[in-house]
Amino acid sequence: MMRDEKGNKSNNKTKATFLKLCCKFDSSVKEFIGPFVMAPVNSNAVRRSNSLLGYSSSLRYEEVETHANCMSAWLSVLQTLWFATAIAFPPWKAVMMQFLPSPGQGASKEEMSEGYLKVTAFARSSQGTKIIVRMGFSTDPGYEDTARMLVECGMCTLQEDVQKEGKSGCVTPACVFGYKLVERLQQNGRGIFLSVSSD
């Protein structure tokens, strides 16, 4: 995770921090925020990309989920704890499975068409420069657009839109495909919304 493309220990360090409170108000987004269940996984992808691409020698990364109010944040945390407990405790899992879709069933086409994802990234350099990146998906990100991302990664590989030199082993889409993948996601399917601004 922390090695460069030659297998040497990378000088580019990433410190990931995770929100310990179930709910707090964030003045930068002017919304309530809470822990995001995928943050530990995503932070490892960022850590690997920084090791290979060298975003910063000392990068700090934090990822949270926004909520309409504090109660919504608490309910999200409780739902995550319920699923985690059900996985570890078979009797609870048996009860939970009565209310979940069967294996392979997934979400309906109507449910997926109503889904969406909005991501806002705030970046600040050591010199004080601030950049805000906003990205939006207009359909369900968990099924439909995840499949589209996998297909576009495959198309990038087939069409030689790959930065192959020195990139092998455990890599991330940012390392291998760079901005080519973003362009493909913008141009194909239902596209994505992307904007970059300075604060």
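Residues numbered from 1 in each chain as written. Predicted model: local features only at pLDDT ≥ 70, side-chain atom pairs only at ≥ 80, totals over all residues. Heavy atoms only, no water.

Undergrad: Could you give an account of the overall build of the protein, naming the residues involved and the relevant values?
TA: For the protein, the count of helices and strands is seven helices and eight strands. Nonlocal contacts in the protein, meaning residues at least 24 apart in sequence, comprise 60% of its contacts between residues at least 6 apart. Per element, the accessible surface of the protein, about 13,600 Å² overall, is 58% carbon and sulfur. Computed over 23 positive and 19 negative side-chain charges, the inter-centroid distance for the protein is 9 Å. (Helix = DSSP H or I, 4+ residues; strand = E, 2+ residues; numbered from the N terminus. Contact = heavy atoms within 4.5 Å. Areas by Shrake-Rupley, 256 points an atom, 1.4 Å probe, with all protein chains shown as cover. Lys, Arg positive; Asp, Glu negative; His and termini not counted. Charge placed at Lys NZ, Arg CZ, Asp CG, Glu CD.)

Undergrad: Tell me what's going on with the sheet that holds strand 2 (residues 24-26), and back it up with residues and numbers.
TA: Reading across the sheet, the three strands line up as 2-3-5 and stay open at both edges, with antiparallel pairing between neighbours. With one partner strand each, in any of the chains shown, strand 2 and strand 5 (64-67) form the two edges of the open sheet. Between one strand axis and the next, the sheet turns by 50° as a mean value, whatever way the strands run. Where strand 3 (residues 31-35) lies against strand 5, four bridges are found, and the strand directions are antiparallel. Among the inter-strand pairings, Ile 33 is bridged to a residue of strand 5, identified as Thr 66. Relative to the sheet, helix 2 (residues 70-88) contacts strand 3 and strand 5, its axis offset from that of strand 5 by approximately 135°. (Pairing = 2+ DSSP bridges. Axes fitted to C-alpha atoms, helices over the stretch in contact; angles between N-to-C directions.)

Undergrad: Explain the state of the cysteines to me, and be specific about the residues and the numbers.
TA: In total, this model carries one disulfide according to the counting rule given. The disulfide partner of Cys 23 is Cys 70, and the S-S distance across this bridge is 2.1 Å. Of the two residues, Cys 23 is situated in the loop between strand 1 (13-17) and strand 2 and Cys 70 in helix 2; the sequence distance between them amounts to 47 residues. What makes Cys 23 buried here is its relative accessible area of 13%. On the accessibility criterion, Cys 70 (28% relative accessible area) is partly exposed. (Disulfide = S-S within 2.5 Å. Buried < 20%, exposed > 50% of the residue type's maximum accessible area, 1.4 Å probe, protein only.)

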